Each structure stands twice: as structure tokens, then as C-alpha cells.
Amino acid sequence: MIFQVMLFVLAALVGWTFDLAGMPIPWLLGGLAVALIAKTQFAEKASWPRVYRSAGLVVIGYSIGRYLTVSALHDIPGQLAGMVGATVSAVVVALVIAWWTAKKENLDLQSCVMGIMPGGFTQMAIMCDEDDRADKNIVILMQSLRLMSVIVAVPFLVMHFLGAKLEETAASLAVSDGISYWYILPVAAISGIIADKIKISTPYLMAPIIIAMAASLQFGTLNTIDPLLMMAAQISIGLNMGMGLDPKELRELKRILPYTFAGIVVMLVVSIVVAFILSVHYGYSLVTAFLAMAPGGLGEMCLVGLSLHENVSVILIYQLFRFLFLNIAVPLGLNLYFGKKEEKALD
């Protein structure tokens, strides 16, 4: 227990350093980095209980689900064709990049698919933790590189190439006058336990997302999670992810870096092209369309849009639709395709 407390404190310090450096999801990456160090130096002692990870996922799930408001829901029907087209194009590009990387470096295709999927860092990392067919090292390395590259590249592109100007701070998304999350989190946790019992994929993430969505639609605006609680949740998830990695194998995977970065560039180019089509068809700005399409995180892209005075509602529904697609359709597709391949191999 003392060792785990020390790990948490050290992860908080590393995460704080990453936060000062402006890195995305700094606390999760801090936990990941500390876990890798612990695995290298104290292999026998290094562990992090899954129950702590599950608690962290409940908090993250609530934070994502609360974004679905009645206003955002009303905007969906008129944008449905664009959302489907944007999401499918992003997934198809990701599948092509995954196939290319797997073929060139003789890697596991399922791991490459999960590693390059846009906007699904937590989901894909948790999925590979629960699926023995996937290589955690490949998935988390590729997703970390994708996420950091995109979140750094997107603000740079919109400000220096698309002419947007920064006008507000990210703190504007914080909400404290709505329904308290302490009413919702216990229900979300219980729903996660039930979902786990009935074998739903990533139960402690998906069930709280659904509960938070339902609560937001039923009761109105839900408060944002306290920063300290969010920090603890991210650290816990990061520590658990890191404990499942092999430092030696990660070093050997440096050969996939060129393919990952090339894939990210292709994704961003395709995003700009599709964004241009969306902006022409629906009439909103190219910056709004690009942020709606960009393969980053839902919260991060909404924050960028808010700071640039763009249409955050449009960005939200596109990013949320893709997030739900990645969390529902992609896991089902992976299980069906690779599950059948495994059955044929056994036969």
C-alpha cells in the first residue's frame, strides 16, 4: 500500500510537470510514465489494483457523457449525413494506415487498428487491456503518439494556416451551477458493476457515459468534475495502463514511429479536405468544420473551438458522434472480425 501511495504521488508530480509543459492528458501520461519506470526498476513490486482503474473510468465516463445536452441533441438530425460521412472517412483512413503499418513491419493487425483509431485513446487502451489478442505496447505507443501529435498540431494549423485567433481560455468550459456530479457518480459506478457482470465491453467507461447522458437529458446541465478528482482518475488509469506494458518491447517498437507519424499527417490532410466539403455544404466556417473533423479528443477540440469563438455545438455533436461510434461499433467490429479469424485458425 505504501509503495502504491508513493507511485501515485510521484505520478502526480510528473503529471504536474507535463501540465506545465502544456501536454495533453498530462496526469494520465504522468501515471503511464511512472508505471513504466516502476516496471523497469521494481518489476516484482510494481502493480496497480484494477479497482482503482475502474473508479477512474467511472469519473472519465461521467465527464464525457455530460456533454450530451438537449441543445446538442436537437442539432443532430440536420447534421446526421455529415456526421456519418466524417466518421466513416476517418475510420476508413485509420484502417488503411493500420493495414499498411502492420504489413510493412509484420505486426499484429488488430493492435495497429486499435493503435491508430482517431479520438479513442482511453477506449482502445482499456479494450486492449481486456483483449489478449491485442499487443498493449503497440496500442498505447501508437495512441500516445497520435494524441499528442494531433492536439499539438490542430491548434497550430487553425491559428497559422486557417487564420483563427485565440480569444478565450479553456476554463470557460467549466460548469459549477448545474446538477452535482456526486448525485450521478454512485449510480454510474453501480451501472458499471452491472455492465461488467453481463460482459459488456469496457463496462466501467461505457455504462457511466450512458448514465451521464441520460442524466444530462433528463435533469439539465451537469457540473464538471472537480480538477483534483479528475487528476486522480487520470493518474489511476495511467498507472494501470503502464503496469501492463513491457519497457523492453516498447524500445524495440521504435521502428513503427515513421509509419505512425506519416499516418497522422495523412489523417490531418483528409480531415482538412472533408472539413472543406462540410463547410461548403452546411455553411459554417472552415475552422469549425476542421475542429469537428480533427482526430483529437472531444474535450480538447471543444476547448480549442471555444477559445476561437467557433461553433462549439457543431464541434461537440460531430466529436461526440464519432466517440460513440468508436466506443460501440468499432469494438463490435473488432470482436466479430478478429474473433472469427481466431476461430478459423483454431479449426
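Given the structure is predicted, the values throughout are model-derived calculations rather than measurements.

Asks: Which parts of the structure should I look at to understand empty space enclosed by the protein?
Replies: One water molecule sets the probe size; rolling that probe over the atoms shows where empty space is left. Applying the stated rule across the entire model yields three cavities of 30 Å³ or more. Quantified by volume, the largest cavity comes out at close to 50 Å³. If you go around the largest cavity, the residues you meet are A90, V93, P118, M267, V270, S271, M293, P295 and R322. Contributions of two or more residues to the lining of the largest cavity are made by helix 4 (70-105) and helix 12 (257-282). If you tally residues by element for the lining of the largest cavity, the top one is helix 12, at three residues.

Asks: So what exactly am I meant to see when it comes to a nonpolar patch on the surface here?
Replies: A contiguous nonpolar surface patch, about 670 Å² in accessible area, is contributed by M1, V5, V9, L10, L13, V51 and Y52. Elements supplying a minimum of two residues to the nonpolar patch: helix 1 (2-20) and helix 3 (50-65). Here the nonpolar patch takes four residues from helix 1, the largest share from any one element. With respect to the secondary-structure elements, L13 resides in helix 1.

Asks: What is the right way to read helix 12 from this model?
Replies: Side chains of residues three or four places apart in an α-helix project in the same direction, reflecting 3.6 residues per turn. The terminal C-alpha atoms of helix 12 lie 37 Å apart, and with 26 residues this matches the ideal 38 Å at 1.5 Å per residue to within 8%. Listing the buried residues of helix 12 in full gives Y259, T260, G263, I264, M267, L268, S271, V274, A275, L278 and S279.

Asks: So what exactly am I meant to see when it comes to the side chain of N223 here?
Replies: Turning to its location among the elements, N223 is positioned in the loop between helix 9 (203-219) and helix 10 (227-243). In this structure the side chain of N223 is engaged in a polar contact, spanning 2.5 Å, whose partner is the backbone nitrogen of G178. N223 has contacts with Y62, R66, V175, S176, D177, G178, I179, S180 and Y181, leaving out every residue within four places of it along the chain.

Asks: What is the right way to read the packing of aromatic side chains from this model?
Replies: Aromatic rings considered in pairs are described by the distance between their centres and by the relative angle of their planes. What the rule picks out here adds up to six aromatic pairs. With a centroid separation of 6.5 Å and an interplanar angle of 15°, the aromatic rings of F8 and W48 are classed as stacked. On the criterion of sequence distance, the pair formed by F8 in helix 1 and W48 in the loop between helix 2 (26-41) and helix 3 is long-range, its members being 40 residues apart. In this structure F8 comes out as partly exposed when scored by relative accessible area, which is 24%.

Asks: Could you clarify how one ought to interpret the nonpolar core in this entry?
Replies: In globular proteins that are soluble, nonpolar side chains generally tend to be buried together. Membership of the largest hydrophobic core comes to 35 residues, with the highest contact counts inside it found for I60, Y62, I209, I225, I237 and M241. Looking at this core, the elements with two or more residues in it are helix 2, helix 3, helix 6 (121-130), helix 7 (136-160), helix 8 (181-197), helix 9, helix 10 and helix 15 (312-346). Looking at this core element by element, the count peaks at seven residues for helix 9. Counting 31 residues, the second-largest nonpolar core is a separate cluster that includes V150, C302, L308 and V312.

Asks: What am I meant to see in unusual backbone geometry here?
Replies: Residues other than glycine seldom take positive phi values, yet N106 does so here, at roughly 55°. Looking at where N106 falls in the secondary structure, it is placed in the loop between helix 4 and helix 5 (109-116).

Asks: Would you take a moment to explain the confidence of the model for the protein for this structure?
Replies: The predicted coordinates of low-pLDDT regions are not to be read in fine detail. Within the protein, residue pLDDT values average 81, and 86% of them lie at 70 or more. Averaged pLDDT values over the elements of the protein bottom out at 66 in helix 14 (residues 298-307) and peak at 93 in helix 8.

Asks: What is the right way to read helix 1 from this model?
Replies: Between the first and last C-alpha of helix 1 there are 27 Å, a value that for 19 residues agrees with the 27 Å anticipated at 1.5 Å per step. Buried residues along helix 1 sit in contact with helix 2, helix 3 and helix 10. Directly beyond the C-terminal end of helix 1, a positive phi value near 80° is found at G22.

Asks: Explanation requested: the packing of helix 12 against helix 13 (residues 286-293) in the structure shown.
Replies: Describing two packed helices takes the angle between their axes plus the distance from one axis to the other. Packing of helix 12 against helix 13 leaves a shortest axis separation of 8 Å and a crossing angle of 130°. Accordingly, the angle class assigned to the pair helix 12 and helix 13 is oblique. Here helix 12 and helix 13 pass one another in a crossing that is right-handed. Within the contact between the two elements, helix 12 uses L268, S271, I272, V274, A275, F276, L278 and S279 and helix 13 uses L286, A289, F290 and M293.

Asks: Is there a simple way to think about the packing of helix 2 against helix 10 in this case?
Replies: Where helix 2 contacts helix 10, the axes come no closer than 7 Å and their chain directions differ by 35°. Taken as a pair, helix 2 and helix 10 cross one another with a handedness that is right-handed. Of the residues in helix 10, those touching helix 2 at P26, W27, L28, G31, L32, V34, A35, L36, A38 and K39 are M231, Q234, I235, I237, G238, L239, M241, G242 and M243. Looking at the contact of helix 2 with helix 10 residue by residue, the class counts come to 14 nonpolar, four polar and one charged.

Asks: Would you mind showing me how to read the side chain of S89 here?
Replies: Position of S89 among the secondary structure elements: in helix 4. Classification of S89 by relative accessible area gives buried; the value is 18%. There is a polar contact of 2.8 Å between the side chain of S89 and the backbone oxygen of A86. If near-sequence neighbours (up to four positions away) are discounted, S89 is found in contact with V274 and M293.

Asks: When you look at the environment of T87 in this model, what are you seeing that I'm missing?
Replies: On the secondary structure map, T87 appears in helix 4. Exposure remark for T87: the relative accessible area of 2% places this residue in the buried category. Sequence spacing of T87 and M293 is 206 residues, and the spatial spacing of their C-alpha atoms is 7.9 Å. When neighbours within four sequence positions are excluded, T87 is seen to be in contact with F321, R322 and F325.

Definitions and limits used
The numbering scheme is per chain: residues are counted from 1 as the chain's sequence reads. Selection of residues for local features in this predicted model requires a pLDDT of at least 70, selection of side-chain atom pairs for listing and counting requires 80 or more, and totals for whole chains, interfaces and linings are taken over all residues. Here the side-chain values reflect all heavy atoms present in the structure, with hydrogen atoms and water set aside. Each cavity reported here is a set of points on a 1 Å grid over the protein atoms alone in which a 1.4 Å probe fits but cannot get out, each pocket an open set with protein on both sides within 12 Å along at least five of seven lines, and each lining residue one with an atom within 4 Å of a point. Grid points are joined across faces, edges and corners, and a volume is the space filled by probe spheres set on the points. Labels follow the DSSP assignment, with helices taken as runs of H or I lasting at least four residues and strands as runs of E lasting at least two, numbered in each case from the N terminus. The patches described consist of residues with a relative accessible area above 30% and no salt bridge, like charges being joined within 9 Å and nonpolar side chains (Val, Leu, Ile, Met, Phe, Trp, Tyr) within 5 Å. Throughout, the Shrake-Rupley method with a 1.4 Å probe supplies accessible areas, and for residues the shown protein chains are the sole cover considered. We define a salt bridge as a contact between a side-chain nitrogen of Lys or Arg and a carboxyl oxygen of Asp or Glu at a distance within 4 Å. Helix span, expected: 1.5 Å multiplied by one less than the number of residues in the helix. Accessible area is worked out with a 1.4 Å probe on protein chains only. A residue is then buried under 20% of its type maximum, exposed over 50%, and partly exposed in between. We define a polar contact as two N or O atoms separated by no more than 3.5 Å, with the added condition that, inside protein, one atom must be a possible hydrogen donor and the other a possible acceptor, whereas residues neighbouring each other in sequence contribute only through side-chain atom pairs. In what follows, a contact means two residues having at least one pair of non-hydrogen atoms within 4.5 Å. Working definition: a ring pair exists when centres of Phe, Tyr or Trp rings (six-membered ring for Trp) sit within 6.5 Å. Plane angles under 30 degrees give stacked, over 60 give edge-to-face, the rest tilted. Buried Ala, Val, Leu, Ile, Met, Phe, Trp, Tyr and Cys residues that are joined via side-chain atoms within 4.5 Å together make up what is termed a nonpolar core. Scored from 0 to 100, pLDDT reflects the predictor's confidence in each residue. In this analysis an axis means a line fitted to C-alpha atoms, helices contributing only their contacting stretch, and an angle means the value between N-to-C directions, from 0 to 180 degrees. Reported orientations rely on four angle classes, namely roughly parallel under 35 degrees, roughly antiparallel over 145, roughly perpendicular from 65 to 115, and oblique for the rest. Crossing handedness follows the turn of the near helix against the far one: under a right angle anticlockwise gives a left-handed crossing, and clockwise gives a right-handed one. Each residue gets one label: Ala, Val, Leu, Ile, Met, Phe, Trp, Tyr, Cys and Pro are nonpolar, Asp, Glu, Lys and Arg are charged, and the others, such as Gly, are polar.

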